[in-house]
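Given next are the chains, with one letter for each unit.
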Amino acid sequence: QQQVKQSPQSLIVQKGGISIINCAYENTAFDYFPWYQQFPGKGPALLIAIRPDVSEKKEGRFTISFNKSAKQFSLHIMDSQPGDSATYFCAATLYNQGGKLIFGQGTELSVKP
Amino acid sequence: GAVVSQHPSRVICKSGTSVKIECRSLDFQATTMFWYRQFPKQSLMLMATSNEGSKATYEQGVEKDKFLINHASLTLSTLTVTSAHPEDSSFYICSARDALRTTYNEQFFGPGTRLTVL
């Protein structure tokens, strides 16, 4: 119930292509869904986040699509660049649990020039 | 804004010794801080949640006597790994949340501390 399942585990995309990473959850009480980007040897950085009352959120080249009925959400990276090569984590959280984040397994993205 | 620092960034110690890692929120008051551990090619695993001035809440399977957490002020939390062993070698990351500033559960992460136990 508390799990967030993320796929794919790894992804290779050509420069300029679209990177798509998917996550699914079970607990319908989750109320905040952030995506984090992590470079090797660094801490995660918040990329973009969405609440379940919104179906889509776009910030620059990054878009979250949220399907509440399917309990799925995805990250789309448009015009992918080599600098986007990193590990991406989706997460979910419950406000009434003190903000504890439940992380997905991570996706290692490699953007080829 | 919302910067979290960690010190040290990297530490090597001998088996049996204790190591202290500091986590600081530089430009906001962290009402809650979280400590995570991350093994290579794996996701972040929450170890404990600490609220300023109270005892930390540890996740199931995390030894509270081995991983001592102190959150004595609104800008500083420390994680002490006691009697460290090679299997404690990992990447330790803290995050901080300002519940007074945001209605959402946004957490700001530190840069991490690489611990190597010989």
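Residues numbered from 1 in each chain as written. Chains lettered and ligands numbered in written order. Predicted model: local features only at pLDDT ≥ 70, side-chain atom pairs only at ≥ 80, totals over all residues. Heavy atoms only, no water.

> Go over the overall build of chain A with me, naming the residues and quoting the values.
In terms of regular secondary structure, chain A is built from zero helices and eleven strands. The helix and strand sequence of chain A, counted from the amino end, reads β-β-β-β-β-β-β-β-β-β-β. Relative to the compact-globule value of 13 Å for 113 residues, chain A shows a C-alpha radius of gyration of 13 Å, a close match. Projecting the C-alpha coordinates of chain A onto the three principal axes gives extents of approximately 45 × 30 × 20 Å. Within chain A, the proportion of its 113 residues that are buried is 48%. In chain A, the share of contacts with a sequence separation of at least 24, taken over all contacts with a separation of at least 6, comes to 54%. (Helix = DSSP H or I, 4+ residues; strand = E, 2+ residues; numbered from the N terminus. Rg over C-alpha atoms; globule rule 2.2 N^0.38 Å. Buried < 20%, exposed > 50% of the residue type's maximum accessible area, 1.4 Å probe, protein only. Contact = heavy atoms within 4.5 Å.)

> Requested: an account of the interface of chain A and chain B, with residues and values cited.
Tallying the contact residues gives 22 residues for chain A and 21 residues for chain B. Counting across the chain A and chain B interface gives two salt bridges. In this structure, the salt-bridge partner of B:E59 is A:K100, at a minimum N-O distance of 3.4 Å. Applying the counting criterion to the chain A and chain B interface returns six residue pairs in polar contact (both at pLDDT 80 or more). Only β4 (33-38), β9 (86-93) and β10 (101-103) of chain A provide two or more residues apiece to the side of chain A that touches chain B. In the side of chain A that touches chain B, the residues fall into nine nonpolar, eight polar and five charged. (Salt bridge = Lys/Arg side-chain N within 4 Å of Asp/Glu carboxyl O. Polar contact = N/O pair within 3.5 Å; in protein donor to acceptor, adjacent residues only side chain to side chain. Nonpolar A, V, L, I, M, F, W, Y, C, P; charged D, E, K, R; others polar.)

> Help me get a handle on the state of the cysteines, residues and values and all.
Taken as a whole, this structure holds two disulfides over all chains when the rule is applied. Each sulfur in the disulfide pair A:C23 and A:C90 lies 1.9 Å from the other. The disulfide joining A:C23 to A:C90 has a torsion of about -100° about its S-S bond and is therefore left-handed. Placement of A:C23 in strand β3 (residues 19-25) and of A:C90 in strand β9 is noted, with a sequence separation of 67 residues between them. Just as A:C23 is buried, A:C90 falls in that class too. A sulfur-sulfur distance of 2.0 Å marks the disulfide that ties B:C23 to B:C94. Judged by the sign of its S-S torsion, about 80°, the cystine formed by B:C23 and B:C94 is right-handed. Linking B:C23 in strand β3 (residues 19-25) with B:C94 in strand β9 (residues 90-97), this pair joins segments that are 71 residues apart in sequence. In this structure B:C94 comes out as buried when scored by relative accessible area, which is 0%. (Disulfide = S-S within 2.5 Å.)

That's the geometry; what it means functionally is another story.
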